[in-house]
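Summary of the model geometry
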Number of protein chains: 2
Amino acid sequence: MSMPDRQPLKQLESTLSDEPIRRPGGRSARIRTAVLDATLAELADVGYDRLTVEAIAARSGVHKATLYRRWGGVDGLIADVLVRSAEQPWQVPDTGSLRDDLHAITRVIYMGFTDPEHGAVPRNLIVAALRSSQAARALTGFFETQHGLAAEVVTRAVRRGEAPEGTDAVDVVRTACAPLYYRLFVTGEPLEEVAAHRAAEAALAAAQAGAFVR
Amino acid sequence: MSMPDRQPLKQLESTLSDEPIRRPGGRSARIRTAVLDATLAELADVGYDRLTVEAIAARSGVHKATLYRRWGGVDGLIADVLVRSAEQPWQVPDTGSLRDDLHAITRVIYMGFTDPEHGAVPRNLIVAALRSSQAARALTGFFETQHGLAAEVVTRAVRRGEAPEGTDAVDVVRTACAPLYYRLFVTGEPLEEVAAHRAAEAALAAAQAGAFVR
DNA sequence: ATCATAACGCGACCTGTGTCGCATTATGAG
DNA sequence: CTCATAATGCGACACAGGTCGCGTTATGAT
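Let me begin by describing the structure that accompanies this report. (Residues numbered from 1 in each chain as written. Chains lettered and ligands numbered in written order. Predicted model: local features only at pLDDT ≥ 70, side-chain atom pairs only at ≥ 80, totals over all residues. Heavy atoms only, no water.)

1. Here's the deal with the relation of the copies chain B and chain A
Rules: Fitting of the copies onto one another was done by least squares over C-alpha atoms, counting residues only where both copies have pLDDT of at least 70. Here a residue-residue contact requires only that any non-hydrogen atoms of the pair lie within 4.5 Å.
The transformation that overlays chain B on chain A combines an axial shift of 0.0 Å with a rotation of 180 degrees, and the residual RMSD is 0.0 Å. This pairing of chains is accounted for by a two-fold axis. Among all C-alpha atoms of chain B, that of B:Arg131 lies closest to the rotation axis, at 2.3 Å. When the interface residues of chain B are mapped onto chain A, 100% of them again fall at the interface, so both copies present the same face.

2. So, the layout of surface pockets
Residue and element names in this part refer to chain A. The test is simple: The definitions used throughout rest on a 1 Å grid laid over the protein atoms alone, on which a cavity is an enclosed set of points accommodating a 1.4 Å probe that cannot get out and a pocket is an open set flanked by protein within 12 Å on both sides along at least five of seven lines; lining residues are those having an atom within 4 Å of a point. Grid points are joined across faces, edges and corners, and a volume is the space filled by probe spheres set on the points. Gly is put with the polar residues, along with every residue not named as nonpolar or charged; the nonpolar set is Ala, Val, Leu, Ile, Met, Phe, Trp, Tyr, Cys and Pro, and the charged set is Asp, Glu, Lys and Arg. These domain boundaries are the output of an automatic or database domain assignment.
Size it by volume and the second largest pocket reaches roughly 930 Å³. Taken together, 31 residues make up the lining of the second largest pocket; nearest its centre are Ser85, Gln88, Phe113, Pro122 and Phe142. Of the residues contributing to the lining of the second largest pocket, the split by class is 21 nonpolar, nine polar and one charged. Counting contributing residues per domain, the lining of the second largest pocket is built from domain 1 (10–86) and domain 2 (98–208), each supplying no fewer than three.

3. Some details on the environment of A:Val194
All names here are of chain A. To be explicit about the condition: Numbered from the N terminus, helices here are DSSP runs of H or I no shorter than four residues, and strands are runs of E no shorter than two. Residue burial is assigned from relative accessible area. The probe radius is 1.4 Å, only protein chains are included, and a residue is buried under 20% of its type maximum, exposed over 50%, and partly exposed in between.
Along the polypeptide, Val194 turns up in helix H10 (residues 193–208). Val194 sits in the partly exposed class, given a relative accessible area of 40%. Taking the C-alpha atoms as reference, Val194 lies 9.9 Å from Arg107; in sequence the two are 87 residues apart.

4. Here's the deal with empty space enclosed by the protein
With the rule as written, the count across this model stands at three cavities of 30 Å³ or more. Size it by volume and the largest cavity reaches roughly 80 Å³. In terms of lining, the largest cavity is formed by A:Asp171, A:Arg174, A:Thr175, A:Phe212, B:Pro179, B:Leu180, B:Arg183, B:Ala195, B:Arg198 and B:Ala199. Mapped by element, the contributors of at least two residues to the lining of the largest cavity are helix H9 (169–187) of chain A together with helix H9 (169–187) and helix H10 (193–208) of chain B. Of the residues belonging to the lining of the largest cavity, the class tally is five nonpolar, one polar and four charged. What the second largest cavity holds in volume is close to 70 Å³. In this structure, the second largest cavity is lined by A:Pro179, A:Tyr182, A:Arg183, A:Ala195, A:Arg198, A:Ala199, B:Asp171, B:Arg174, B:Thr175 and B:Phe212. For the lining of the second largest cavity, the secondary-structure elements that each account for two or more residues are H9 and H10 of chain A together with H9 of chain B. Residues belonging to the lining of the second largest cavity are distributed by class as follows: five nonpolar, one polar and four charged.

5. Things to note about the pattern of salt bridges
The cut-off we apply is this: The rule for a salt bridge is simple: a side-chain nitrogen of Lys or Arg has to be within 4 Å of a carboxyl oxygen of Asp or Glu.
Per the counting criterion, the structure on display carries 34 salt bridges over all chains. Here A:Lys64 and A:Glu54 are joined by a salt bridge, their closest N and O atoms 3.0 Å apart. Of this pair, A:Lys64 sits in helix H4 (residues 64–71) while A:Glu54 is found in helix H3 (residues 53–60), placing the two residues ten residues apart along the sequence. A relative accessible area of 35% means that A:Lys64 is categorised as partly exposed. Where B:Glu162 meets B:Arg160, a salt bridge forms, and the shortest distance between an N and an O atom there is 2.6 Å. Residue B:Glu162 is classed as partly exposed on the basis of its relative accessible area, which comes to 26%.

6. Points about the packing of helix H8 (residues 133–160) of chain B against H9(B)
Residue and element names in this part refer to chain B. Which entries qualify depends on this criterion: To obtain an axis, a line is fitted to C-alpha atoms, over the contacting stretch when the element is a helix, and the angle between two such axes runs from 0 to 180 degrees between their N-to-C directions. Oblique is the label for any angle not under 35 degrees, not over 145, and not in the 65 to 115 range, which are roughly parallel, roughly antiparallel and roughly perpendicular in turn. Left-handed describes a crossing in which the near helix is turned anticlockwise from the far one by less than a right angle; the clockwise case is right-handed.
The N-to-C vectors of H8 and H9 enclose an angle of 120 degrees; their axes lie 8 Å apart at closest approach. Compared by their axis directions, H8 and H9 come out oblique. The element H8 and its partner H9 pack so that their crossing is right-handed. Every residue of H9 that contacts H8 at Phe143, His147, Ala150, Ala151, Val154 and Thr155 is listed here: Ala169, Val170, Val172, Val173, Arg174 and Tyr181.

7. Considerations on the interface of chain B and chain A
Heads up, the condition is: For any pair of parts, buried area is found by adding up, for both, the accessible area (1.4 Å probe) each one loses once the two are put together. Definition of a polar contact: a pair of N or O atoms within 3.5 Å, with one able to donate and the other able to accept a hydrogen when the atoms are protein atoms, and with sequence-neighbouring residues admitted only if both atoms are side-chain atoms.
Contact with chain B, which involves 34 residues of that partner, is made by 34 residues of chain A. At the boundary of chain B with chain A, total buried surface from both sides reaches about 3000 Å², with 58% on carbon and sulfur atoms. It is B:Arg131, B:Tyr182 and B:Arg198 in chain B that bury the most area against chain A; as a group they hold 24% of the surface buried on that side. Across the chain B-chain A interface, the total number found is eight salt bridges. Linking B:Asp168 and A:Arg198 is a salt bridge whose minimum nitrogen-to-oxygen distance equals 3.1 Å. If you look at where chain B meets chain A, you find 15 residue pairs in polar contact (both at pLDDT 80 or more). Contributing elements (two or more residues each) for the side of chain B that touches chain A: H8, H9 and H10 of chain B. The element best represented in the side of chain B that touches chain A is H9(B), accounting for twelve residues. Taken together, the residues that form the side of chain B that touches chain A break down as 17 nonpolar, seven polar and ten charged.

Everything listed is a geometric property; what it means functionally is a separate question.
Structure, rendered in structure tokens:
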């Protein structure tokens, strides 16, 4: 699991509240780390259904009243975990070919969610975010960021002439990713590698055919 | 939090269990209708977050203990609503052209969820189903049914030679629908008509390019 | 029509989430 | 270092969600 990163409470403040943080010093930061780590651990262990503030409090060694005061409840905790997760950037592929880039993207998603060892963590995190209206808002921002980053591969491809001018880069990314999330979190179908492969291939074909030209 | 598994879930049993229905007579049926209607109404009014068994009991005029006995809680209610909803079939388009059929499908989805008057009902229902692990299972069955029906348009198109032999019909449908559900329920982005248009166009292009050939 | 009982109504009661007031500790400024 | 106070610890408790036992009503078989 990711370890002690000392982050100022700025992010939490900017997404959850407008009030200034008065004492961003050591203790608050330590408690935030401990609590969010405990939240992720609980999430991986018991999932969202049985996720309780008390268990997180016990696991982190922080009193539950503190959790309610700072995060307001389970939803706020999930949202803050998402904020922290979104801050860890990833390497956008740049293979020189749109096909390979798209395949790399869908493959990263596929691997991340289906890894038998660590896949439960992001999977349960997304499920949890989908089940909380507050965290769902944080999730929207998360995807906006990820889409923006990933769209770069399409922008480059257009410059190389691999896709028509005027192609909506983000829409290509959406089309590539959507089937994976659709299966995992909407229809509940199993996610296999061939699905990731086909999603990338479909997005590529559609982009080349000009389906995303504005 | 322990749920006695041996509860008679009545109609729900026909899809989830093998237990026989002992008294399907008038009263039980009336109560089921009243309760599920109240559930949908509450869902449309207050959404899943503020959905409570007590409110549904009050609205339907049925005692809450009865609701807990028959449905086990909010999750079971949502699941049963889904089962009842899935029983109302829809007219699969058959325009003679794969492009028009796919556009008709994505358009139906778009219209159903974005209708300013009645769109909140199916929207909140899906959200509710996504937020309950029990109802999520019912949702999986729901989509399996819908996909199977919709895939017919692709099967016919293959016969007409509009798509390559060996095309995975359901995968074409998934690719057409996924971006809509992705926006609505995963990323939380607004769903506009152009998105429905592009999704159909993308699925068509990918199918014609052979991206879904097994 | 009669009867056994499935299904429901009713209200008390249990459980645990979330709140509140106050005590205690840690932080940052002077 | 000292001090004001932000932040957390602590336990009591209010209250909604959910359960249970029993009485009542409706159902279907005889």
